[in-house]
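Reading the structure
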Amino acid sequence: MMERVRRLWLRLCGRRPVLTGECLRCGQCCRGIHLKLDARWLRSEADFQRALAKYPRYRIFEITGRDARGLLRFSCTRLSESGLCTDYENRPSVCRNYPSPAMFCAGARLIEGCGFRLKASRDFERLLGREMRRRARGKGPVVEEREEARRR
Ligand code: SF4
Ligand code: SF4
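Per chain, residue numbering runs from 1 following the sequence as it is written. For naming, the first written chain is A and the first written ligand is 1, with later ones following in the order written. The predicted nature of this model means local features are confined to residues of pLDDT at least 70 and side-chain atom pairs, given and counted, to a pLDDT of 80 or more, with totals for whole chains, interfaces and linings taken over all residues.

1. Describing the overall build of the chain
Strands are runs of DSSP state E lasting at least 2 residues, helices are runs of H or I lasting at least 4, and numbering of each runs from the N terminus. The number of helices and strands found in the chain is 6 helices and 6 strands. Starting at the N terminus, the α and β elements of the chain follow one another as α-β-β-β-α-β-β-α-α-β-α-α. Note on burial: count the other C-beta atoms lying within 10 Å of the residue's C-beta; 20 or more is buried, 12 or fewer is exposed, in between is partly exposed, and C-beta positions come from the backbone. Residue burial in the chain is summarised as follows: out of 152 residues, 6% are buried. By the convention adopted here, residues make contact when the C-beta atoms placed from their backbones lie within 7 Å. At a minimum sequence separation of 6, the contacts of the chain that also span at least 24 residues come to 60%.

Here it is in structure tokens:
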């Protein structure tokens with residue numbers, strides 16, 4: 001629900017989530033993992049067993065506790081002591097896609113100290129498309145209309 005509301009808000013504001021920065025290879029995100037099954041966060045050992053049946057590769061993760069919301073927290077057995085992935089070529093998609101701009105819509109935050117930044121930026125392509133459609137309908141750019149209104 002909140003995810004849809006965020007998407008709608010971004011759309012109406014002409015913005016989109018943008019990821020900047022770079023990975024500092026600190027390995028923090030491999031120690032504080034939350035997993036989903038069918039769009040629902042895993043909350044119990046039974047949830048994890050169901051996830052394993054569907055995604056056997058999740059065996060590399062082990063439960064280390066829960067967060068304040070009651071979601072299971074996992075750590076990865078492929079993480080080296082120096083914070084690097086020891087099986088980088090075979091890492092699962094959940095690792096390949098992290099961090100993703102979609103996290104912004106899901107309300108997730110990056111781990112403190114992460115080298116990436118996630119923010120809502122102006123979607124210039126969408127704004128340009130909107131402007132082109134306005135012009136195609138015979139209307140001038142918004143700024144010109146405002147100037148015209150001021151002169152009246
Ligand atoms: S927390 Fe951020 S900087 Fe650290 S390893 Fe993960 S993606 Fe890279
Ligand atoms: S497979 Fe590699 S990238 Fe993925 S959580 Fe484990 S150590 Fe991190």
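Anyway, onward from the coordinates.
2. Some remarks on the site of ligand 1
Around ligand 1 lies a shell formed by Cys23, Leu24, Arg25, Cys26, Gly27, Gln28, Cys29, Pro99, Ile111, Cys114, Gly115 and Phe116. Under the scheme applied here, ten amino acids are nonpolar (Ala, Val, Leu, Ile, Met, Phe, Trp, Tyr, Cys and Pro), four are charged (Asp, Glu, Lys and Arg), and all others, including Gly, are polar. Each residue belonging to the shell around ligand 1 can be placed in one class, and the counts come to 8 nonpolar, 3 polar and 1 charged. Near residues are defined by distance alone, with the backbone-placed C-beta atom required to lie within 6 Å of the molecule or strand.

3. Some words on the nonpolar core
Within soluble globular proteins, side chains that are nonpolar tend to cluster in buried spots. Within the largest apolar cluster, 7 residues are counted, these being Cys30, Ile33, Leu42, Phe61, Leu72, Phe74 and Cys76. Those residues in contact with isoleucine 33, other than ones at most four positions away along the chain, are Phe61, Arg73, Phe74, Ser75 and Cys76. A set of buried Ala, Val, Leu, Ile, Met, Phe, Trp, Tyr and Cys residues, joined to one another through C-beta atoms within 7 Å, is what we call a nonpolar core.

4. So, the site of ligand 2
As a matter of local geometry, ligand 2 sits amid Cys30, Ile60, Cys76, Arg78, Leu79, Cys85, Asp87, Arg91 and Cys95. Residue composition of the shell around ligand 2, by class: 6 nonpolar, no polar and 3 charged.

5. Concerning the environment of aspartate 47
Mapping aspartate 47 onto the fold places it in helix H2 (residues 45-54). Considering only alpha carbons, one finds aspartate 47 and lysine 36, 11 residues apart in sequence, at a separation of 9.2 Å. Those residues within four positions of aspartate 47 in sequence are excluded, and the remaining contacts are Leu37 and Leu42.

6. Considerations on unusual backbone geometry
Following tyrosine 98, the chain continues to proline 99 via a peptide bond in cis, the omega torsion being -10°. With respect to the helices, strands and loops of the structure, proline 99 is situated in the loop between helix H3 (93-96) and helix H4 (102-106). Unlike most non-glycine residues, aspartate 38 shows phi in positive territory, near 50°.

7. A few points about the confidence of the model for the chain
pLDDT expresses, on a scale from 0 to 100, how confident the predictor is about each individual residue. Across the chain, the average pLDDT comes to 83, with 85% of residues at 70 or higher. Low pLDDT (under 50) marks residues 143-147, which in the prediction has 1 contact with non-local residues, meaning those over four places away or in another chain.

8. Focus on the environment of arginine 16
If you trace the backbone, arginine 16 turns up in strand E1 (residues 15-21). Of the residues examined, arginine 16 has 18 C-beta atoms within 10 Å and is grouped as partly exposed. Separated by 103 residues in sequence, arginine 16 and lysine 119 place their C-alpha atoms 8.2 Å apart.

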